[in-house]
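As a plain string of letters, each chain reads:
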Amino acid sequence: MNRALQTISTRLFTRPVLPSSLGILPNAGINFIPCAWIRQHKLTDQQMRLRYKKLHWHKFYNDKWVQRRGGGWDEKMTPENQTFMQEVVYETYTNKESPLKDGPWKHGEYTTNPETIRTGVLGLKLGTLPQWDKKGRKFHVTLVQIIDNHVVNYTPPEMINFRTLFTTRPLRRDLHGKVGMLVVGALSSDPRKFTRAYNGLFEQAGIPPKRKLTRFFVTPNSVIKPGTPLYATHFRCGDYVDVQARSIDFGFQGVMRRYGFRGGPSDEYGATKFHRKRGTVGSGRKHKILPGTRMPGLMGNKLVMMKGLKVWRINTKYNVLYLMGPAVPGPNHGYMRIQDSSLYERKQKLTKDNHPPFPTYYPQDGKILDEELFSDDIYHFDQPTLTLDDVQIAPLTTRRTTAKTAQKKK
Amino acid sequence: MALAFSNTNKFLLNNQHILRSVLILSVRYKQRGHIADHLVEHHRKLPLSKVKTSATEDVSQVNDEKNQNVRTTPHDFKYVYPDFLPNPIPFLRDRILEKLERKDMFRRRQQIDIPEFYVGSVLAVTSADPYAPSRRNRFVGICIQREKHGLKHEFTLRNIVDGLGVEIVYELYNPTITRIEVLKLERRLDENLAYLRDAPPEYCTFPFDMEPVKLPPGSGVPLNTIQVPITSTHWQYKWERHDLKGVLLPPLPRSVRKAAERYSEPWRQWDIMRQYRTEIHDEDRDEIFEDIEKHKQDLAQYRIDSKENIKIIRTRQKAAGRKAILDDSQQTKHSNPPTSK
């Protein structure tokens with residue numbers, strides 16, 4: 001009897017909860033929209049695995065991709081030769097003719113009717129900091145640094161086979177056949193660490209080989225020439241952003257930590273052998289365990305998408321974005337894909353006149369940006385202390401409308 | 001009439017937040033989608049990351065900007081500026097994160113005078129309160145603890161108001177704090193005075209209209225060697241296990257004393273790694289100290305430029321601890337401006 005109640009209560013309380021750790025003043029009467037949403041996959045991991053059985057769901061890489069890691073053996077060079085080789089490598093890339101000499105490709109126009117999707121950017125999670133808004137409320141902010149991003153390659157939609165491409169991150173059905181693929185790379189490194197085939201991918205773009213590559217699917221009007229660098233100013237302060245990253249690896253975890261089950265009482269209350277268990281696993285009628293029952297297993301270390309994060313500040317010197325929330329997925333120094341938000345309310349606000357730099361931010365020689373850009377709501381520490389004299393508080397009402405009085409009014 | 005000691009096994013630690021991250025002690029070797037910490041710095045400094053058509057400065061020049069003549073940082077730096085100490089969890093540290101954090105901290109320190117204070121000194125903090133009729137809330141109390149690092153640095157003030165003990169945790173860099181004044185600057189024998197909750201009330205009561213105590217010029221920060229007796233019957237933590245020096249414990253039964261001996265860690269005084277983790281080291285130290293020196297120059301310039309502060313008077317002579325810092329640099333006037341709330 002007890003155990004049946006256990007399972008019922010665990011099911012009631014294990015619904016995912018909206019993050020409400022944004023420091024909202026309860027009685028201030030100020031509207032504060034919670035903005036971070038975690039996408040709930042419609043299919044469980046097991047169902048995804050069954051669906052993509054043919055396409056090697058368990059492999060983290062594709063056999064058709066080019067082998068990346070190379071070198072690593074001791075070439076037995078003298079120290080002078082080693083320094084010489086390093087200098088040669090640095091010189092080839094500083095003196096290389098970049099394809100941007102002929103100028104960037106023609107800028108497309110930003111349209112909202114046939115929607116436009118811009119590129120994303122590859123960033124590195126640095127850590128969290130507290131910040132305050134102009135009403136004195138504290139919130140946490142994640143810093144993401146965008147370390148030498150370059151566009152590596154573009155394939156137009158006609159050359160992409162949409163049927164076989166999407167294994168790990170499915171694309172919207174209405175975009176099939178209409179989007180091109182941009183490959184963006186981050187963290188330039190020494191070509192001696194990679195194979196010749198991998199280095200060949202970057203020759204056309206004229207950039208040193210990158211440590212990490214991703215794909216972004218963009219509409220043909222937001223095409224960027226390979227070789228262009230991408231900066232943090234690709235986004236504007238006050239814009240909303242979707243972040244995709246691999247979450248922290250917790251390893252093999254039990255049901256209490258993994259799904260938030262309540263477990264059982266401690267030994268103090270005489271509980272025998274039931275402290276952190278799952279309880280019942282099936283029902284009385286069906287003689288099987290339903291697929292998808294929550295049990296202990298590997299937790300974390302999988303792709304998580306977090307939508308609607310606001311960009312509060314941008315630091316142009318170090319290319320750092322300040323994103324809303326401390327709960328951005330991934331450990332410190334973890335890669336993140338950052339894109340414009342796909343939430344309906346956030347997309348509605350972008351029009352032909354009010355849109356982020358399209359297709360990306362190109363630095364102009366005459367114009368030098370401020371080192372730090374702020375959104376309108378944030379308090380930056382150059383301002384004087386916040387004296388909340390302007391804040392109006394909703395007055396306490398003595399009358400309370402209960403159901404009865406509401407009915408009487410009607 | 002036996003004294004009842006705490007039944008719970010709670011142990012008070014100065015860094016309690018470390019306990020919560022015990023699960024994620026370090027990044028697991030199976031974790032994918034991240035790079036090793038040393039590689040991040042390597043990539044930031046690589047000449048390959050220089051782009052011809054960049055509008056931003058080269059981050060690789062950071063190392064070259066360092067001054068050739070290295071200043072000797074004073075030995076008591078970590079006591080005077082505990083908020084500049086690094087994150088005790090080393091794998092959560094990042095150079096750029098700390099640099100940007102320090103920038104914000106210095107900017108805030110230009111707006112408000114954040115004085116030097118220690119655990120055991122009596123402070124009066126005025127903060128902006130939208131619910132009060134005068135829009136200001138002033139609280140006086142003794143500083144019980146100072147926790148966390150960087151912008152998150154907090155300190156708790158304790159006082160007894162109308163017979164009820166009140167503790168308020170203030171964030172040092174919260175922009176709603178309008179004024180922090182030190183009414184009585186002194187140190188105690190312990191870093192954490194949470195035992196005052198179990199002490200008689202006269203040790204934590206401070207009148208709200210207390211006048212600031214002026215120290216004689218040239219004196220160091222006085223050390224109050226008071227031994228606070230613990231008289232309450234129920235203790236919040238097991239004080240006998242904490243190696244507290246400013247506390248006068250009542251006579252304890254033998255079992256309690258034996259348990260305290262079992263839980264004691266006398267080797268901690270030789271724990272070099274723990275000390276290493278709480279300190280700033282040579283590479284970062286000079287950088288941080290330079291930033292502080294630069295901030296002081298900026299602050300002096302800011303004070304000259306701003307029209308409001310006409311005259312800056314030094315209310316009390318700097319303590320001996322702070323003299324060491326000022327020896328190297330120019331004499332910067334630094335005090336509480338004598339204005340009303």
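From a predicted model like this one, the values you see are computed outputs, not experimental measurements.

### Some words on the interface of chain A and chain B
The partner chain B presents 56 residues to the 71 residues of chain A that form the contact. Surface buried jointly by chain A and chain B totals about 5700 Å² across both partners, of which 61% is contributed by carbon and sulfur atoms. Of all residues in chain A, Y318(A), H333(A) and F381(A) bury the most surface against chain B, accounting for 13% of the area lost on that side. In this assembly, chain A and chain B are joined by six salt bridges. Between R107(B) and D382(A) there is a salt bridge, and its shortest N-O distance comes to 3.7 Å.

### Quick look at the confidence of the model for chain B
Residue and element names in this part refer to chain B. Per-residue confidence for chain B averages 77 on the pLDDT scale, and 72% of its residues sit at or above 70. Ignoring residues within four places in sequence, the model shows residues 14-24, a span with pLDDT below 50, making 16 contacts including any to other chains. Counting contacts from residues 308-341, a segment whose pLDDT is below 50, to residues more than four positions away or on other chains yields 54 contacts.

### Topic: the pattern of salt bridges
Taken as a whole and assessed by the stated rule, the structure comprises 29 salt bridges over all chains. One salt-bridge network, held together by shared partners, links R313(A), E372(A), D382(A), D104(B) and R107(B).

### Points about the packing of aromatic side chains
With the rule as written, the count across this model stands at 16 aromatic pairs over all chains. Pairing F117(B) with F155(B) gives two aromatic rings, centres 5.1 Å apart and planes at 65 degrees, and the pair type is edge-to-face. Placement of F117(B) in the loop between α4 (95-111) and β1 (122-128) and of F155(B) in strand β3 (residues 154-161) is noted, with a sequence separation of 38 residues between them. Residue classification places F117(B) among the buried residues on the basis of a relative accessible area of 1%. Overall, F155(B) belongs to the buried group, its relative accessible area being 0%. Each member of the aromatic cluster is reached from another via a ring pair, and the members are W132(A), Y379(A) and F381(A). Against the face of Y259(A) rests R294(A), its NZ or CZ located 5.2 Å from the ring centre. In this arrangement the basic side chain of R313(A) is found over the ring face of Y322(A), its NZ or CZ atom lying 4.5 Å from the centre.

### Section: the pairing of strand β12 (residues 320-324) of chain A
Residue and element names in this part refer to chain A. Within β12, five of the five residues are buried, leaving the element largely enclosed by the surrounding structure. Of the two faces of β12, both are covered, the one formed by V320, Y322 and M324 as well as the one formed by L321 and L323. The sheet contact formed by strand β3 (residues 138-145) and β12 spans five bridges and is antiparallel. In the strand pairing of β12, L143 is matched with Y322. As defined by bridge partners, strand β11 (residues 303-315) adjoins β12 across four bridges and the pair is classed as antiparallel. Opposite N315, over in β12, you have V320 as the bridge partner. With antiparallel pairing between neighbouring strands as the criterion, β11 and β12 make up a hairpin whose turn holds four residues, including N319 at a positive phi of roughly 60 degrees.

### Let's talk about the side chain of D129(B)
Residues and elements named next belong to chain B. Inspection of the secondary structure assignment puts D129 in the loop between β1 and β2 (136-147). The buried charged residue D129 lacks any salt bridge, with R135 as its nearest oppositely charged partner at 7.7 Å. Residues in contact with D129, not counting those within four places in the same chain, are R135, R136 and N137.

### Section: unusual backbone geometry
Residues and elements named next belong to chain A. A cis amide bond, omega -10 degrees, links F358 with the succeeding residue P359. Relative to the helices and strands, P359 is located in the loop between α7 (344-348) and β14 (372-374). Residue K273 is not a glycine yet carries a positive backbone phi of 60 degrees. Relative to the helices and strands, K273 resides in the loop between α6 (255-259) and β10 (297-299). Classification of K273 as exposed rests on a relative accessible area of 70%.

### Examining the sheet that holds strand β4 (residues 149-155) of chain A
Residue and element names in this part refer to chain A. Taken in spatial order, the four strands of this open sheet run β6-β5-β4-β7, and their pairing is antiparallel. The two strands at the open ends of the sheet, each matched to only one other strand, are β6 (210-218) and β7 (229-230). In this structure, β4 lies alongside strand β5 (residues 180-188), joined through six bridges in antiparallel fashion. Paired with V151 across the two strands is V184, which belongs to β5.

Rules behind the numbers
- Residues numbered from 1 in each chain as written.
- Chains lettered and ligands numbered in written order.
- Predicted model: local features only at pLDDT ≥ 70, side-chain atom pairs only at ≥ 80, totals over all residues.
- Heavy atoms only, no water.
- Contact = heavy atoms within 4.5 Å.
- Buried area = accessible area lost by both parts, 1.4 Å probe.
- Salt bridge = Lys/Arg side-chain N within 4 Å of Asp/Glu carboxyl O.
- pLDDT = per-residue confidence, 0-100.
- Phe/Tyr/Trp six-rings, centres within 6.5 Å; stacked < 30°, edge-to-face > 60°.
- Helix = DSSP H or I, 4+ residues; strand = E, 2+ residues; numbered from the N terminus.
- Buried < 20%, exposed > 50% of the residue type's maximum accessible area, 1.4 Å probe, protein only.
- Lys NZ or Arg CZ within 6 Å of the ring centre and 35° of its normal.
- Pairing = 2+ DSSP bridges.
- Lys, Arg positive; Asp, Glu negative; His and termini not counted.

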